Every structure is written in C-alpha cells, then in structure tokens.
Amino acid sequence: MHTWSKKGLVFDTARHGVGGWMRHSALTPTPYRISDEVIRVYAGFRDEDGVSRIGYVDVLADDPASVVGVSQQPVLDIGRAGCFDDHGVILGDVIDGPDGLYLFYVGFQRVAKAKFLAFTGLALSHDGGLHFRRVQDTPILDRAHGRSTIGAVHSVLRENNRWRLWYAVGDDWENIDGRVYPRYHIRCVETDDLKNIPRHDHICLRPRGTEYRIGRPRVHRFDDRYVMYFTRGNTTGEYFPGVAYSDDGVNWERHDEDLGISLSDSGWDSRTICYPAMIEHRDKWLMFYNGNDMGMDGFGVAEMERASVAGDAHVYG
C-alpha cells in the first residue's frame, strides 16, 4: 500500500486570507499548473454569511507548502439573483479546453423546502485563469429524473476530442438526529457538446453499508487505467476519502484500504479529511485536501512518489 506524506496546512485562512469574501474556508481545493515553478490551487472561499466565491492560492511546485500569491478578488463571483448559483459557487474542475481555460463549477441556490440545490455551471478564461466569464446563466448539468437536487461535476477529462464527466447526483435527503443532509452517489457521462449533455448516464459508485453519500470524484488516468479519489460520509458522522480503480472509467472497484493517509493526532485534519485532488509534479504526486469542518481552516497538501500511485492502478482489475 502506498502512503502519503503530509506537509501540513498550506493555506491558513486566518493567516493568508484577505478578509471580506475570503473570511474563512477554502473548499474543494483544485490544483492547476500555471508554470514549471508555480501551481495555482483554485478553491471556494466563504464570507461571513457562509457564501462561497472562487479564488486561488499560488504555491511553489517544488515546495507546495509555500504560498507565493493569493487572489485579491474572486475569479468567479456568485450568480445574479434568481439564478442557480446565486448563493455560492465552489470548484468542480479546471482544465485546458479547445478555446481557453475551462472552469466547471458547482452553483448553490437556497430554496424554501430544501437545504439547498446544487448544479453545474461552466465559465471560460482567456487570460490564464485570472478571470472567468460564465458561458451561460443556466446549468450545463441541470435537474433530470433521479437528479432533482444535486448534479455536481467534479472531474473532467478530454479524451479523443470528447468530454468525459464524473459527478455527484442527489435526489433526496438523510435525516440524522433531526438534521437534514444530502444523499448522493457518483455517475459519469460522455459528450461532444457541453451545452447538450445526454440525460442517459452511468452509475459509477453508490454508498454502501452505513454510508449515505459518496461524491467529489477526482479521476486520473495512468496509461490504460483510471484511479478515482472520492469522499464518503456515513450516518455515524465519519467523512473521509476512498479510492477506486477502473479499466474504462465507467465500471469501478473500490479499494479504500489503498488510500494511504489517516487523521492527524491533533490540529486542522484530526477529525476529518475530505475532497482530495491530485496533480503530478516531477517524480511526485501532490494531493491538496481539506480537513476539519469541510475546510474551515483552509487546505493542506501531502506528497507521494509517482510510481506508488501508478503502480497500484495496475494491480486491480
């Protein structure tokens, strides 16, 4: 089993935050390489009301615990009143596309009889990711049968000139000790046109045992195999990542025992680890992730030798 080496809390909202729209939290940190020297980690930063806007933190690639820049303004603000993203936006994925840098994001909307709705939007950047503009004011992944409350894209690959999307799908709620939490699972789909994503998709992973939610899929390809890191929650309060492997990106086999990271004895990731996202750098993989309270304190990073992750991807099948 491979083991991640923790490098500590990277972005500390109390220390590095600019206040105002970046008062606390750094949700779903998502790395993107802007040069050989610098990795930009996009995340959702919350204001005092808990509303998230997307900004970034720049870190040194060779020393990813070193912050060298923080966005002073959001690269993507909340949507206009009445739209699906008028109460917050968080990261889905950031990838290079045929006509710019594509930002897939999850927009939140408050409604009268549910905790929230969350669906996927798309924005483009033509200045290297400093600013993003929405492609449209409506979701690209919206409500559908069996997807009435959540349709949240968190991983995108461009293969053979087609888009492959992995996302969380929610349709109901779990009541735990009088509090309501979203139930969801992971699906995927392929499309030639992001404005016309097919309704017919494929189930990748469902919750098992005492789990009621499994989501934030992050999919990576190693030669002819796929690895997915995800986050799962159960009715006893555990919120922790897992790992799955696949030959085709559609049919997955879980091997959570391969995660290779555990809770710290104390501090910012002593109760929860969630939302891991990886990026390759030289002979290593870097994993940025959130800790307690879904990233209230910021985000941290861990490292692993590249051969370890890629090697395990070929073991199962």
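Above this note sits the structure.
This is a predicted model, so every value here is computed, not measured.

### What about the environment of Pro31?
With respect to the secondary-structure elements, Pro31 resides in strand 2 (residues 24-33). A relative accessible area of 8% places Pro31 in the buried class. When the C-alpha atoms of Pro31 and Asp293 are compared, they prove to be 21 Å apart, with 262 residues separating the residues in sequence.

### A look at the sheet that holds strand 5 (residues 67-70)
Adjacent strands of a sheet form backbone hydrogen bonds with each other and so pair up, either parallel or antiparallel. The sheet built from 4 strands is open, its strands ordered 2-3-4-5 with antiparallel pairing. Each edge of the open sheet carries a strand with a single partner, namely strand 2 and strand 5. Neighbour to neighbour, the strand axes of the sheet diverge by 30° on average, direction disregarded. As paired strands, strand 3 (residues 38-46) and strand 4 (residues 52-60) are joined by 9 bridges and run antiparallel to one another. Across the sheet, Val41 pairs through a bridge with Val57, a residue of strand 4.

### Quick notes on the environment of Gly151
By the element assignment, Gly151 lies in strand 10 (residues 150-159). Distance from Gly151 to Thr120, taken between C-alpha atoms, is 6.3 Å for residues 31 residues apart in sequence.

### As for the packing of aromatic side chains
Inspection of every chain in the model, using the stated rule, returns 17 aromatic pairs. With 5.4 Å between their ring centres and 70° between their planes, Phe11 and Phe45 make a pair best called edge-to-face. Taken as a pair, Phe11 in strand 1 (residues 5-12) and Phe45 in strand 3 lie far apart in primary sequence, 34 residues in all. For Phe11, a relative accessible area of 0% translates into the label buried. When the ring of Tyr239 is compared with that of Tyr275, the centres are 5.8 Å apart and the planes differ by 85°; the resulting orientation is edge-to-face. Within this pair, whereas Tyr239 is found in strand 16 (residues 239-246), its partner Tyr275 is found in strand 18 (residues 274-281), the two being separated by 36 residues in sequence. According to the relative accessible area criterion, Tyr239 is buried, its value standing at 7%. By relative accessible area, which is 10% here, Tyr275 ends up buried.

### A look at the nonpolar core
One finds Phe11, Ile39, Phe45, Val59, Phe288 and Phe299 to be the most contacted residues of the largest nonpolar core, which totals 18 residues. Counting only elements with at least two residues in this core, the list comes to strand 1, strand 3, strand 4, strand 19 (284-290) and strand 20 (298-305).

### Points about unusual backbone geometry
For Tyr275, which is not glycine, the phi torsion reads 60° and is therefore positive. The backbone of Met294 sits at a positive phi, close to 55°, despite the residue not being glycine. Residue classification places Met294 among the partly exposed positions, given a relative accessible area of 29%.

### Things to note about the sheet that holds strand 19
The antiparallel open sheet is built from 4 strands, whose spatial order is 1-20-19-18. Since the sheet does not close on itself, it has two edges, and those belong to strand 1 and strand 18, each with one partner. Each strand axis lies, on average, 25° off the axis of its neighbour in the sheet, ignoring direction. The pairing of strand 19 with strand 20 spans 6 bridges and is classified as antiparallel. Residue pairing across strands places Trp285 opposite Met304, the latter belonging to strand 20.

### Notes on the side chain of Thr30
Inspection of the secondary structure assignment puts Thr30 in strand 2. Given the relative accessible area of 0%, Thr30 is considered buried. When residues no more than four places from it in sequence are discounted, the contact partners of Thr30 are Arg40, Val41, Tyr42, Leu91, Gly92, Asp93, Val94, Arg216, Arg218 and Ala277.

### Describing the state of the cysteines
Applying the stated criterion across every chain, the model contains 0 disulfides. Lacking any disulfide linkage, Cys204 is separated from the closest cysteine sulfur, that of Cys188, by 3.4 Å. For Cys204, a relative accessible area of 8% gives the class buried.

### Focus: the pairing of strand 20
Burial analysis of strand 20 places 7 of its 8 residues in the buried class, which makes it a mostly covered element. For strand 1 and strand 20, the ladder comprises 5 bridges, and the chain directions are antiparallel. Among the inter-strand pairings, Ser5 is bridged to a residue of strand 20, identified as Glu303.

Parameters at a glance
Residues numbered from 1 in each chain as written. Predicted model: local features only at pLDDT ≥ 70, side-chain atom pairs only at ≥ 80, totals over all residues. Heavy atoms only, no water. Helix = DSSP H or I, 4+ residues; strand = E, 2+ residues; numbered from the N terminus. Buried < 20%, exposed > 50% of the residue type's maximum accessible area, 1.4 Å probe, protein only. Pairing = 2+ DSSP bridges. Axes fitted to C-alpha atoms, helices over the stretch in contact; angles between N-to-C directions. Phe/Tyr/Trp six-rings, centres within 6.5 Å; stacked < 30°, edge-to-face > 60°. Core = buried A, V, L, I, M, F, W, Y, C linked by side-chain atoms within 4.5 Å. Contact = heavy atoms within 4.5 Å. Disulfide = S-S within 2.5 Å.

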